Amino acid sequence: MKPLVAVISGLDWEAETFRKRTGPTFPGRITAAGVGPSAAEQVALRAIADGARLLVSWGSAAGLGDSCPGDLVIATEVRGARGEEIYSEQLVMKQFKKWSEDDPRVFRGPLAGVDRPVLSVRAKQRLAQASGARAADMESHAIARVAQAHRLPMLAVRVVLDGPCQSVPGLAMAAVDGSRSRILPVIAGLLRTPGELPDLVRLGAAAARARARLSGFAGQLAPVLQRWALETAHG
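Residues numbered from 1 in each chain as written. Predicted model: local features only at pLDDT ≥ 70, side-chain atom pairs only at ≥ 80, totals over all residues. Heavy atoms only, no water.

## Let's talk about the overall build of the chain
The condition is simple: Numbering goes from the N terminus for both helices and strands, where a helix is a DSSP run of H or I of at least four residues and a strand is a run of E of at least two. Relative accessibility decides the category of a residue: with a 1.4 Å probe and only protein chains considered, values under 20% of the type maximum give buried, values over 50% give exposed, and everything between is partly exposed. The contact rule is simple, with two residues in contact once any of their heavy atoms fall within 4.5 Å. Areas reported here follow the Shrake-Rupley algorithm with a probe of radius 1.4 Å; residue values treat only the protein chains shown as occluding.
Counting its secondary structure elements, the chain contains eight helices and ten strands. Expressed as a percentage of the 235 residues in the chain, the buried residues total 51%. In the chain, the share of contacts with a sequence separation of at least 24, taken over all contacts with a separation of at least 6, comes to 80%. Carbon and sulfur atoms make up 53% of the accessible area of the chain, which totals about 10,900 Å².

Dropping the structure here:
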């Protein structure tokens with residue numbers, strides 16, 4: 001069977017939470033594209049060329065509004081940083097609605113796409129006011145534009161990593177290299193700015209919880225996507 005489902009993440013650890021929940025018969029491809037819209041767009045386009053008929057944006061996000069770390073957001077629409085609609089619920093698969101009813105920490109709501117990291121509390125506040133979104137990430141809006149252009153369904157699932165009242169230390173982004181995290185730049189940076197250590201420790205703990213949350217949800221989502229792909233292939 002062709003890879004009918006394309007699961008696209010920014011970082012390796014995000015993709016791995018889904019990959020570990022699938023078997024050899026999973027009719028899809030799971031890719032860590034690298035952080036940012038350009039890389040995500042290229043992976044989405046390649047996936048469609050290879051036969052994908054559903055694009056899934058999967059990974060972590062910055063929390064906005066009243067969201068909390070560990071909340072899962074299933075996007076009802078993807079919006080730009082100014083609130084403009086990029087992708088609406090009319091094309092999002094309806095069968096995933098029940099999950100927001102079964103789990104009190106799974107929310108359906110708008111997701112904001114940004115081209116640069118949202119690191120400060122003030123920046124998160126401004127983005128929440130402008131977009132009305134529950135969370136923001138750097139890949140979903142690029143994947144959404146590709147899905148919209150090709151008239152394909154898209155599902156965006158993101159776990160809130162850092163809450164709306166939490167600033168992200170700059171060293172956290174300095175550690176990102178493509179889809180991977182490197183420890184040496186963090187160590188070197190801490191020698192210059194040791195005051196960032198407490199925030200990094202908190203972020204690391206939040207990342208561990210986010211990883212567990214995504215992994216648990218992937219166990220529910222993977223079989224549903226497998227059934228969808230079988231129905232699509234024989235429909």
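## So, the nonpolar core
Put simply, the rule reads: The term nonpolar core refers to a set of buried residues drawn from Ala, Val, Leu, Ile, Met, Phe, Trp, Tyr and Cys, joined through side-chain atoms within 4.5 Å.
Membership of the largest hydrophobic core comes to 30 residues, with the highest contact counts inside it found for Val5, Phe18, Val56, Trp58 and Leu225. Of all elements in the fold, only strand 1 (5-9), helix 1 (12-19), strand 3 (54-63), strand 4 (72-79), strand 8 (154-162) and helix 8 (197-233) reach the threshold of two or more residues within this core. In terms of residues, this core owes the most to one element, helix 8, which gives eleven residues. With 26 residues, the next largest nonpolar core counts Ala6, Ile8, Leu55 and Ile143 among its residues.

## A look at the packing of helix 2 (residues 37-49) against helix 5 (residues 140-149)
Just so we agree on the cut-off: Axis lines are fitted through C-alpha atoms, for helices just across the contact stretch, and the angle between N-to-C directions can take any value from 0 to 180 degrees. Whether a crossing is left-handed or right-handed is set by the direction in which the near helix is turned from the far one by less than a right angle, anticlockwise for left-handed and clockwise for right-handed. Basically, the charged four are Asp, Glu, Lys and Arg, the nonpolar ten are Ala, Val, Leu, Ile, Met, Phe, Trp, Tyr, Cys and Pro, and anything else, Gly included, counts as polar.
Helix 5 packs onto helix 2 with a crossing angle of 35° between their chain directions and a minimal axis gap of 8 Å. For the pair helix 2 and helix 5, the crossing hand works out as right-handed. Residues Pro37, Ala40, Glu41, Ala44, Leu45 and Ile48 of helix 2 touch helix 5, and the partners they reach there are His141, Ala142, Ile143 and Val146. Taken together, the residues that form the contact of helix 2 with helix 5 break down as eight nonpolar, one polar and one charged.

## Here we look at the pattern of salt bridges
Filter applied, for reference: We count a salt bridge whenever a side-chain nitrogen from Lys or Arg sits within 4 Å of a carboxyl oxygen from Asp or Glu.
Per the stated rule, a full pass over the model turns up eight salt bridges. A salt bridge links Arg79 to Glu77, with the nearest nitrogen and oxygen atoms 3.1 Å apart. Residue Glu77 is classed as buried on the basis of its relative accessible area of 17%. Note that Asp162 and Lys124 form a salt bridge whose closest N and O atoms lie 2.5 Å from each other. With Asp162 in strand 8 and Lys124 in helix 4 (residues 121-131), the pair connects residues that are 38 residues apart, well separated along the chain. Its relative accessible area of 8% is what places Asp162 among the buried residues. Accessibility expressed as a relative area gives 2% for Lys124, which makes it buried.

## A few points about the side chain of Lys124
What counts is decided by this rule: Whenever a nitrogen or oxygen atom comes within 3.5 Å of another N or O atom, the pair is scored as a polar contact, on the condition that within protein one atom can donate a hydrogen and the other can accept it, and that pairs from neighbouring residues in sequence are kept only if both atoms are in side chains.
A distance of 2.7 Å separates the side chain of Lys124 from the backbone oxygen of Gly163, its partner in a polar contact. Residues in contact with Lys124, not counting those within four places in the same chain, are Ala62, Gly63, Leu64, Val118, Leu119, Asp162, Gly163, Pro164, Gln166 and Val168.

## Structural notes on the packing of aromatic side chains
Here is the rule we go by: By convention, a stacked pair of Phe, Tyr or Trp rings (six-membered ring in the case of Trp) has centres within 6.5 Å and planes under 30 degrees apart, an edge-to-face pair has planes over 60 apart, and any other such pair is tilted. A ring is scored as having a charge over it whenever the NZ atom of a lysine or the CZ atom of an arginine sits within 6 Å of its centre and within 35 degrees of its normal.
Inspection of every chain in the model, using the stated rule, returns two aromatic pairs. Linked through ring pairs, Phe18, Phe26 and Trp58 together constitute an aromatic cluster. A cation over an aromatic ring shows up here: Arg134 above the ring of Phe107, its NZ or CZ 4.0 Å from the ring centre.

## Quick notes on the confidence of the model for the chain
Put simply, the rule is: Confidence of the prediction at every residue is given by pLDDT, a number between 0 and 100.
Confidence along the chain averages 83 in pLDDT terms, with 78% of residues attaining 70 or more. Every residue in residues 184-191 scores below 50 in pLDDT, and together they form ten contacts with partners more than four places removed in sequence or on other chains.

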